[in-house]
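Coordinates in review
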Amino acid sequence: MILGIESTAHTFGVGMFSNKVISNEWDMYRPKTGGIHPREAANHHVEVAKEVVKKAMLKKPKAIAYSCGPGIGPCLKVGTIISRYLSNKYQIPLVPVNHGVAHMEVGLWSTKAKDPVCVYASGGNTQIIARDKTWKIYGETLDIALGNALDKLARDLGIAHPGGPSIEKLAKKGEFIDMPYTVKGMDLSYSGIMTHARRLLKTHKPEDVARGFQEHAFAMLVEVTERALAHTEKGEVLLVGGVAKNKRLIEMYKIMCEERGAKFFVVPDELAGDNGAMIAYNGKISLKKGFSIKPEDADYFQNLRVDTDLEKLFRL
Ligand code: ATP
Ligand code: FE2
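Attention in this report is confined to the structure presented alongside it. (Residues numbered from 1 in each chain as written. Chains lettered and ligands numbered in written order. Predicted model: local features only at pLDDT ≥ 70, side-chain atom pairs only at ≥ 80, totals over all residues. Heavy atoms only, no water.)

**A closer look at the sheet that holds strand 1 (residues 2-6)**
The strand order 3-2-1-4-5 describes an open sheet built from five strands, whose pairing is mixed. Looking at the sheet topology across the chains shown, the edges are occupied by strand 3 (21-28) and strand 5 (94-98). Across the sheet, the axes of successive neighbouring strands diverge by a mean angle of 20°, strand direction being ignored. Contacting strand 1, strand 2 (11-17), strand 3, strand 4 (63-69) and strand 5, helix 3 (residues 99-111) crosses the sheet at an angle of about 90° to strand 5. Each of strand 1, strand 2, strand 3, strand 4 and strand 5 touches helix 10 (residues 276-288); the most contacted strand, strand 1, lies at about 125° to it. (Pairing = 2+ DSSP bridges. Helix = DSSP H or I, 4+ residues; strand = E, 2+ residues; numbered from the N terminus. Axes fitted to C-alpha atoms, helices over the stretch in contact; angles between N-to-C directions. Contact = heavy atoms within 4.5 Å.)

**Some points on the packing of helix 4 (residues 146-156) against helix 7 (residues 206-232)**
Each packed pair of helices is defined by two parameters, the angle between the axes and the distance between the axes. For the pair helix 4 and helix 7, the least separation of the axes is 12 Å and the interaxial angle reads 170°. Here helix 7 runs roughly antiparallel to helix 4, going by the angle between their axes. Contacts between helix 4 and helix 7 involve Leu146, Ala149, Leu150 and Leu153 from the former and Val209, Phe213, Ala217, Phe218 and Leu221 from the latter. A class-by-class count of the residues in the contact of helix 4 with helix 7 yields nine nonpolar, no polar and no charged. (Parallel < 35°, antiparallel > 145°, perpendicular 65-115°, else oblique. Nonpolar A, V, L, I, M, F, W, Y, C, P; charged D, E, K, R; others polar.)

**Brief notes about the coordination of the iron ion (ligand 2)**
Tetrahedral coordination by four donors places them ideally at 109.5 degrees to one another around the metal; octahedral coordination by six donors ideally gives 90 or 180 degrees. Donor atoms from the polypeptide that coordinate the iron ion (ligand 2) comprise His99 (NE2), His103 (NE2) and Asp274 (OD), at 2.0 to 2.2 Å from the metal. All donors to the iron ion (ligand 2) come from one chain, and their sequence spacing reads H-x3-H-x170-D. One end of the pair, His99, and the other, His103, are both in helix 3, four residues apart, so they sit about a helical turn from each other. Looking at His103, the relative accessible area reads 2%, which means it is buried. (Donors = N, O, S within 2.8 Å, 3.2 Å for Na, K, Ca; no water. Buried < 20%, exposed > 50% of the residue type's maximum accessible area, 1.4 Å probe, protein only.)

And the structure:
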């Protein structure tokens, strides 16, 4: 029975995992205007922490797992301090978890995918990853993440963060329009198409811009994924991260995978966005391998990548 704490960005989440998800509670910071303000988000986490922990902690945990990065400094700090406190209070091990790896591991656990090419698409990340001996990044965005581009486009339409779900709804009513398409080998770029789409809002209907943006941006991601399948000779695709909730993206992946004879898996909605249960689950994996730290060694890292070796990092 592990308690997991997630606080890397907009969401303060707490969940428990034993051999299944026991609880998964969260409270999301929603900025009144603009994107995420780091200090405001951190203040939000401090305000809701006690209540969310109380709701999720159904039993006394055997260990505390927490997201130690990547993420927004002040937000990570809140989760780290609370986790250290709980580990001290209950005299139980503390387990740092890589947030990006957590998205993928919970995807593997919940879908039973065995050895997929993972697509990690969220507000802060867009990466094509597969497991060799360790997680390896095969391709990624060269600038902004897909979720971030959707959020910024939505903001221009006066839609509050997170914008992805609203753009998805709008796009259903829209007509297809042409936009730039930027794939560079195994990498892709979203800043050009986003700027283009924001400009088109002055002359075109929002629903058409939403549709055109989704079709192009998603096709870019699917193309790179297909190339990764060919390179790695793997036969499965697993879609994870907040953007994995998008039904049109899922549909495009299904078509590509069917045409290639690959299996397609997608993390369920309730485990797709940032949440504490996925952190608890990853804490369990690490504990099994014998990795935990002392509360006084608790730390966080804003710029972790999925291929960072956490055990090494905490030994340094
Ligand atoms: P990370 O630190 O892993 O980058 P994150 O902080 O972005 O995570 P997530 O909850 O994993 O958090 O992802 C949030 C993103 O998912 C936001 O950009 C949001 O707009 C996007 N999103 C959520 N639902 C949808 C949807 N239905 N369609 C498209 N995008 C969506
Ligand atoms: Fe995330």
